[in-house]
Each structure stands twice: as structure tokens, then as C-alpha cells.
Amino acid sequence: MVKAILLESPEGVFRARLAELDESAFAGREVLVDVSYSTLNYKDALAISRGAPVVRRFPMVPGIDLAGTVRESADPAWKPGDAVFVNGYGLGESHWGGLAQRACVEGRHLQRLPGAFTPRQAMAIGTAGFTAMLCIMALERHGITPERGEVLVTGASGGVGSYAVALLATRGYRVTASSGRPAEWSRLKALGAAEIMDRQELSAASRPLQRERWAAAIDTVGSHTLANVCAGLHPRGVVAACGMAQGLDFPGSMAPFILRGITLAGIDSAQAPMAERESAWGQLASVLPAALADGLTWEIGLKDVIQCAHDLLDGTLSGRIVVNVNA
């Protein structure tokens, strides 16, 4: 039997539970993986707490990340014993994900575990760190360098935000971290933030143009916050937008786009091309100390996942949550 978090909707009534499933339930794709670690992301928390809008079909095993070892493979690129990981590609949304002791995935979605990281460290980074690196790559493709000026990170206490602060600082950028959790501000300073900004300064309705403050930004929040960020960019500034913690709406103005020539770059980590994934993970392996990944993380077992999902949505958890599926 295989332990897993199972999301169901019998007769339209949603529920999440820790279940024991027969091994035969994990079939239908090319590579069978013995999972060692997964993660609990904001998207996972949404799925576990309410199903919609994340889950596309039921029953579903959530978990958009996984790391483990190949058990069986019909794909010649992979053999039993290979250390692998997956981020996104519909895990936990359209097909069963990583919050289980077993997973069956497409071979073309797998990546080899970088030698710089253990499976636990790869999941400590997970979609959050991967997304943060994709954001930085987008800024740099649009010509943002440390010399251009300050970079703002919104939602900085979360997983993506924390990694964005640390990675930007490592690359020599001066970082302002926006967070609504004063208890986290000292941690953000330790990660490399030069300045802390209370999120309330950005969360109200935006004026079309505001004082020029930042050369670029990584936004994990959306809604009014994103509109305020755009209004406060320098000319030719860039925002990499990757989240919607405040909302999916964008109540902004065209003014900063046509009067300051700013760029809004959307980041889709779930379906990023493999070449882009390999580039991002190669950079993470070369610049991110493994100890930093460990320091941003705390570990839970499968039995703790459902309660922690609710706590994450309530805003009482911060940093990265790694799930030891065998604990």
C-alpha cells in the first residue's frame, strides 16, 4: 500500500484525506518514481483546502514538486536507480502529484538531480526557488543589471519571495523586500534585503503614475500591489509577475507602459520549456549555497500536510515547507 494525500469530490462534496492506496493506482505513464520528498506550495494549499480552481479532475493527489528515484521506466532515457525531480507540468492539477510515496510521470518531464543538491535540498528549492530564478532571468533578458538600480520583491516572506531576495542579493542587486510580517523582517535582512517595506504601502488602490522608485520588481502578489509596483518603476523598468496572493485582477493603468515604457513579463513556471528549466537549475546549482536552501526550510510528514495547507493560506507560515513522504 502507498500513502498519499487524496483529494476527492464524491457527489460534489470536496474532501482531503491521508489515504493508503494500492500500488496499482499509480500507473499509466512512462516512469514510476519512488518519491522521497515533495513540498507544500501556495498552489498545493489551495488545492488541499478547496480543490478549485487548481484541481482539474478527481480523485487527485496534490503536490506540484517531487524528488525521488526511478523504480521502473518504459522510457530509455531513464533507468531504475536514477535520481530525478519534477516541477510543475500539471503535477497535482491534471495528473497525480508528489504528495505520495509513489508517482507515475512522463519521462520527458523528468530532470536529473543536480549533483550540488540532495533530494531534500532540491525540494527545499522546488518550484519556489525555480520560479524566483526564472523571474531573475526574465529581468536580465530585458537588460536589468545591478547598475540600473533597486529591485523590489513583493510577498518577500513567502517561498518565491524569500528565494528572490537571496538570489538577487547574491547577484549584486540592491533589494527592497515588501512584507506584511514584521516578525520576518530580520530574516529578510539576513537573506540580503537592503530595505524592508510594509506591504500596506502597496496594497491599496493605485494612482496611474507614482514617484519613480525601482528599476525592476519581482511580484508574487498581483492585484493592487502589482498596479502600484508598475506605477512606481523607473523608465524602461521591468516587472516579472509570477503570483496572485492578493488577487488575479490587475486594476492598473496604461500610463506607466506608454509614458515610461515599462515591461510586464509573465512567468509560467509550470509549463516552462525544458531548456529554460535546465538553465535555471544550472544557475541555482552554481550560485545557491546548499546551506541556504536548508536554512529557508522546515520539514513535515504527510500526516501534517492538510493542517499546514490551511495554515499557509491563513498567512501563519513562511519560508519553504518540505514534505518527507516517508516520515
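Here the structure is shown first, and the text comes after it.
No experiment lies behind these values; they were computed from the predicted model shown.

Enquirer: Could you clarify how one ought to interpret the packing of helix H2 (residues 119-141) against helix H8 (residues 274-287) in this entry?
Expert: Two packed helices can be described by the angle between their axes and the distance between those axes. Direction vectors running N to C along H2 and H8 enclose 105°, while the axes themselves pass 9 Å from each other. The angle between H2 and H8 places the two elements in the roughly perpendicular class. Facing H2, whose interface residues are Ala122, Ile125, Gly126, Gly129, Phe130, Met133, Leu134, Met137 and Arg141, H8 presents Glu276, Arg277, Ser279, Ala280, Trp281, Gln283, Leu284 and Val287. Residue classes in the contact of H2 with H8 are distributed as 10 nonpolar, four polar and three charged.

Enquirer: Looking at this structure, how should I read helix H1 (residues 42-50)?
Expert: Counting along an α-helix, one turn takes 3.6 residues, and residues three or four places apart therefore face a common direction. Here H1 has its buried residues at Asp44, Ala45, Leu46, Ala47, Ile48 and Ser49. Each element contacted by the buried residues of H1 is listed here: strand S1 (2-8), strand S2 (15-21), strand S3 (31-39) and helix H10 (305-313). Just past H1, the residue Gly51 takes up positive phi, approximately 75°.

Enquirer: In this structure, what is going on with the nonpolar core? I would like to understand it.
Expert: The tendency in soluble globular proteins is for nonpolar side chains to be buried side by side. Grouped together as the largest cluster of nonpolar side chains are 50 residues, with contacts concentrated most on Tyr163 and Ile218. For this core, the secondary-structure elements that each account for two or more residues are H2, strand S8 (151-153), helix H3 (159-170), strand S9 (175-179), helix H4 (185-191), strand S11 (214-219), strand S12 (233-241) and H8. For Ile218, the residues in contact, after removing those within four places along its chain, are Ala132, Cys135, Ile136, Leu139, Leu152, Val153, Thr154, Ala164, Leu168 and Ala240. Formed by 45 residues, the second largest nonpolar core is a distinct cluster that contains Val2, Trp96, Leu302 and Cys308.

Enquirer: Looking at this model, I keep getting lost on the sheet that holds strand S10 (residues 195-198). Mind explaining?
Expert: The strands that make up a sheet pair up through hydrogen bonds in the backbone, lying either parallel or antiparallel. Reading across from one edge, S10-S9-S8-S11-S12-S13 is the order of the six strands in this open sheet, with parallel pairing throughout. If you trace the sheet from one side to the other, it starts and ends with S10 and strand S13 (263-266), each paired once. The average angle at which neighbouring strand axes cross in this sheet is 20°, direction not considered. The pairing of S9 with S10 spans four bridges and is parallel. Note on S10: the bridge partner recorded for Ser178 is Met197. Sheet contacts for H2: S8, S11 and S12; angle to S11, the most-contacted strand, approximately 150°. Those strands touched by helix H6 (residues 223-231) are S8, S11, S12 and S13, and its axis lies near 150° from that of S12.

Enquirer: Could you clarify how one ought to interpret the side chain of Glu106 in this entry?
Expert: For Glu106, the position within the fold is in the loop between strand S6 (102-105) and strand S7 (111-112). A relative accessible area of 18% means that Glu106 is categorised as buried. One polar contact links Glu106 to Arg29, side chain to side chain, over a distance of 2.9 Å. When sequence neighbours within four positions are dropped, the list of residues in contact with Glu106 reads Arg29 and Glu30.

Enquirer: Is there a simple way to think about the packing of aromatic side chains in this case?
Expert: Aromatic ring pairs are defined here through the distance separating the ring centres and the angle between the ring planes. What the rule picks out here adds up to five aromatic pairs. Pairing Phe130 with Trp281 gives two aromatic rings, centres 6.4 Å apart and planes at 20°, and the pair type is stacked. A residue pair is termed long-range when its members are at least 10 positions apart, and Phe130 in helix H2 and Trp281 in helix H8 qualify at 151 residues. Trp281 matches Phe130 in its accessibility class, with the two residues each being buried. Members of the aromatic cluster, connected to one another through ring pairs, are Phe85, Phe117, Phe130 and Trp281.

Enquirer: Where do I start with the side chain of Glu184 in this structure?
Expert: Following the sequence through the fold, Glu184 ends up in the loop between S9 and H4. Contact partners of Glu184, with chain neighbours within four places excluded, come to Ser157 and Ser318.

Enquirer: Just to check I follow, could you spell out the pattern of salt bridges for this structure?
Expert: Where side chains of opposite charge bring their charged atoms close, a pairing between them can arise. Counting across every chain of the model gives 18 salt bridges. Measuring nitrogen to oxygen at the nearest pair gives 3.7 Å for the salt bridge that ties Arg260 to Glu212. Here Arg260, found in the loop between helix H7 (255-259) and S13, pairs with Glu212, found in the loop between helix H5 (200-203) and S11; they are 48 residues apart in sequence, far enough to count as distant. Taking the relative accessible area as the measure of exposure, Glu212 reaches 37% and is therefore partly exposed. Residues joined by salt bridges that share partners form a network here, namely Glu23, Asp34, Arg71 and Arg102.

Parameters at a glance
- Residues numbered from 1 in each chain as written.
- Predicted model: local features only at pLDDT ≥ 70, side-chain atom pairs only at ≥ 80, totals over all residues.
- Heavy atoms only, no water.
- Axes fitted to C-alpha atoms, helices over the stretch in contact; angles between N-to-C directions.
- Helix = DSSP H or I, 4+ residues; strand = E, 2+ residues; numbered from the N terminus.
- Parallel < 35°, antiparallel > 145°, perpendicular 65-115°, else oblique.
- Contact = heavy atoms within 4.5 Å.
- Nonpolar A, V, L, I, M, F, W, Y, C, P; charged D, E, K, R; others polar.
- Buried < 20%, exposed > 50% of the residue type's maximum accessible area, 1.4 Å probe, protein only.
- Core = buried A, V, L, I, M, F, W, Y, C linked by side-chain atoms within 4.5 Å.
- Pairing = 2+ DSSP bridges.
- Polar contact = N/O pair within 3.5 Å; in protein donor to acceptor, adjacent residues only side chain to side chain.
- Phe/Tyr/Trp six-rings, centres within 6.5 Å; stacked < 30°, edge-to-face > 60°.
- Salt bridge = Lys/Arg side-chain N within 4 Å of Asp/Glu carboxyl O.

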